[in-house]
Amino acid sequence: MQIGIFSIGDRTPDAVTCRVPGDTERLEQMVDLAVTTERLGLDVFAIGEHHNPPFVTSSQSTLLAFIAAQTRRLLLSTATTLITTNDPVKIAEDFAVLQHLSKGRTDIMLGRGNTGPVYPWFGRDVRDALPLSTENYALLRRLWTEENIDWTGEYRSSLTSFTSVPRPLNGTPPFVWHGSVRTPEVAEQAAYYGDGYFSNHIFAPPAHTQRMVQLYRERFEHYGHGPAEHAIVGLGAQAFIRPRSQDARAEYGSYFAGTPRFGGLSIGEYSDRTPLAVGSPQEVIDKILAYRSYAGDIHRLLFTIDAFGTPADVAQEQLHILGTDIVPVLRREMTPAAPPALPLAHAERVVAEASN
């Protein structure tokens, strides 16, 4: 089981001081968080992609390459890369370069994003989101596995005898996750190709996540990739931890109240309806362990701890509590009963060798 952190790179005002970090400061905070993630023994650091304020994560491969230069073991991923508005040729090139520079510590999560206006900014129509996702990913796979490609599609110019360079490291493309909150077609696409499916369910109730994961598992088996219980599932998680639950709720209340996405509910109401975990280490452990009751075996678990105006020093404190008090228990209690049907990435071999 892989456990790590994902950051969306928002520049939200500090909920207490109202101070907004600058672009440089926010990027450096994310790098520092990644370095600490590795030092504490976690497995993965992932970053989102956004092209609108208040975010700084418009160039994922650049930021991940910088992090790769300062780490040795950490798996580097995205959460997510926009398969709809990015050119598949550029994705293939950028992440092959990152693969080589990181010595294979690279995989990628693909998705449609949650910002409608981004589509016309890149010459696309949001109404074409699903067919764009299907066509672009079909091309991306070919770019990584074939040379001298001839390609004709609906949404980009044709290719004639085209070879994407550099080629994937050791001939093995980055492992692909398909990320979604609410779209069954994304779960279907992941199952069709035998890729991983990542449900970022921090805003959705468990019953919804259960339906999406179950669909993916059933279709994974249908397409002949292995038993449903071996399908490759990842989940997003959101937590705020203090030694005493009342302190966690009191402190997190400021960040929670300033976030419109929480819909005006109290922390208690929202925690009861969603996977949000706010409390003592044991309370957070209990909440996360319950994920298995509706999602089954989980192969990747990513926490967000620095979003919605959480100051950098508080995010670092949260990461230390996770790494020392919570992650060891989760690894012991949530290790999948069987390995995934397919290896998550050849990066795992690279990481194992680097650790020896």
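Notes on the structure follow. Since this is a predicted model, take the numbers as computed values, not measurements. (Residues numbered from 1 in each chain as written. Predicted model: local features only at pLDDT ≥ 70, side-chain atom pairs only at ≥ 80, totals over all residues. Heavy atoms only, no water.)

What about the nonpolar core?
Convention followed: What we call a nonpolar core is a set of buried Ala, Val, Leu, Ile, Met, Phe, Trp, Tyr and Cys residues that are connected through their side-chain atoms within 4.5 Å. Throughout, exposure labels follow a simple rule: accessible area from a 1.4 Å probe, protein chains only, divided by the maximum for the residue type, with under 20% read as buried, over 50% as exposed, and the rest as partly exposed. We count a stretch as a helix when DSSP gives it H or I for four or more residues in a row; a strand needs E for two or more, and each element gets its number in order from the N terminus. Here, two residues are considered to be in contact whenever any of their heavy atoms come within 4.5 Å of each other.
Ranked by size, the top nonpolar core spans 94 residues in total, and within it Ile-5, Tyr-216, Tyr-252, Ile-288, Phe-303 and Leu-330 carry the most contacts. Top element by residues in this core is helix α12 (residues 312–334). It accounts for ten residues. In contact with Tyr-216, other than residues within four places in its own chain, are Ala-187, Ala-190, Ala-191, Asp-195, Gly-196, Tyr-197, Ala-231, Ile-232 and Val-233. Formed by six residues, the second largest nonpolar core is a distinct cluster that contains Val-118, Tyr-119, Ala-129 and Leu-132.

With respect to unusual backbone geometry
Cis geometry marks the peptide bond from Pro-53 to Pro-54, where omega comes out at 10°. With respect to the helices and strands, the residue Pro-54 is situated in the loop between β2 (44–47) and α2 (60–68). Thr-80 follows Ala-79 through a cis peptide bond whose omega is 10°. Its identity is not glycine, yet Cys-18 carries a phi of approximately 70°, on the positive side. Relative to the elements of secondary structure, Cys-18 occurs in the loop between β1 (2–7) and α1 (23–39). Unusually for a residue other than glycine, Ser-161 sits at a positive phi of about 50°. Within the secondary structure, Ser-161 is located in strand β7 (residues 159–162). Judged by relative accessible area, which is 49%, Ser-161 ranks as partly exposed.

Overview of the pattern of salt bridges
The cut-off we apply is this: Basic side-chain nitrogens of Lys or Arg form a salt bridge, by our definition, when they fall within 4 Å of a carboxyl oxygen of Asp or Glu.
What the rule picks out here adds up to 19 salt bridges. Across the pair Asp-125 and Arg-127 runs a salt bridge, and its minimum N-O distance is 2.7 Å. Asp-125 gets classed as partly exposed once you look at its relative accessible area, which sits at 26%. Judged by relative accessible area, which is 71%, Arg-127 ranks as exposed. Across the pair Asp-247 and Arg-244 runs a salt bridge, and its minimum N-O distance is 2.9 Å. With relative accessibility at 45%, the residue Arg-244 sits in the partly exposed group. The network of salt bridges with shared partners includes Asp-10, Arg-26 and Asp-306.

Some thoughts on the packing of α1 against α12
The criterion, for reference: A fitted line through C-alpha atoms represents every axis, and for helices the fit uses only the stretch in contact; the resulting angles, taken between N-to-C directions, go from 0 to 180 degrees. Each angle receives one of four descriptions, namely roughly parallel if under 35 degrees, roughly antiparallel if over 145, roughly perpendicular if within 65 to 115, and oblique otherwise. By convention, the crossing between two helices is left-handed when the near helix turns anticlockwise from the far helix through less than a right angle, and right-handed when the turn is clockwise. Here the term charged refers only to Asp, Glu, Lys and Arg, the term nonpolar to Ala, Val, Leu, Ile, Met, Phe, Trp, Tyr, Cys and Pro, and the term polar to all other amino acids, Gly among them.
One can describe the packing of α1 onto α12 by two numbers: an axis separation of 10 Å at closest approach and a directional angle of 15°. With respect to α12, the axis of α1 lies roughly parallel. Viewed along their axes, α1 and α12 form a crossing whose handedness is right-handed. Contacts between α1 and α12 involve Gln-29, Asp-32, Leu-33, Thr-36, Thr-37 and Arg-39 from the first element and Ala-312, Ala-315, Gln-316, Leu-319 and His-320 from the second. Its residues assigned to classes, the contact of α1 with α12 shows four nonpolar, five polar and two charged.

Digging into helix α10 (residues 281–289)
Defined as follows: By arc we mean the arc of the directions from the helix axis to the C-beta atoms, nothing more.
Every buried residue of α10 is accounted for by Pro-281, Val-284, Ile-285 and Ile-288. Projected down its long axis, α10 carries its buried residues within an arc of 100°, all on one side. Of the surrounding elements, those touching the buried residues of α10 are β10 (233–241), β11 (277–279), α11 (291–295), β12 (300–304) and α12.

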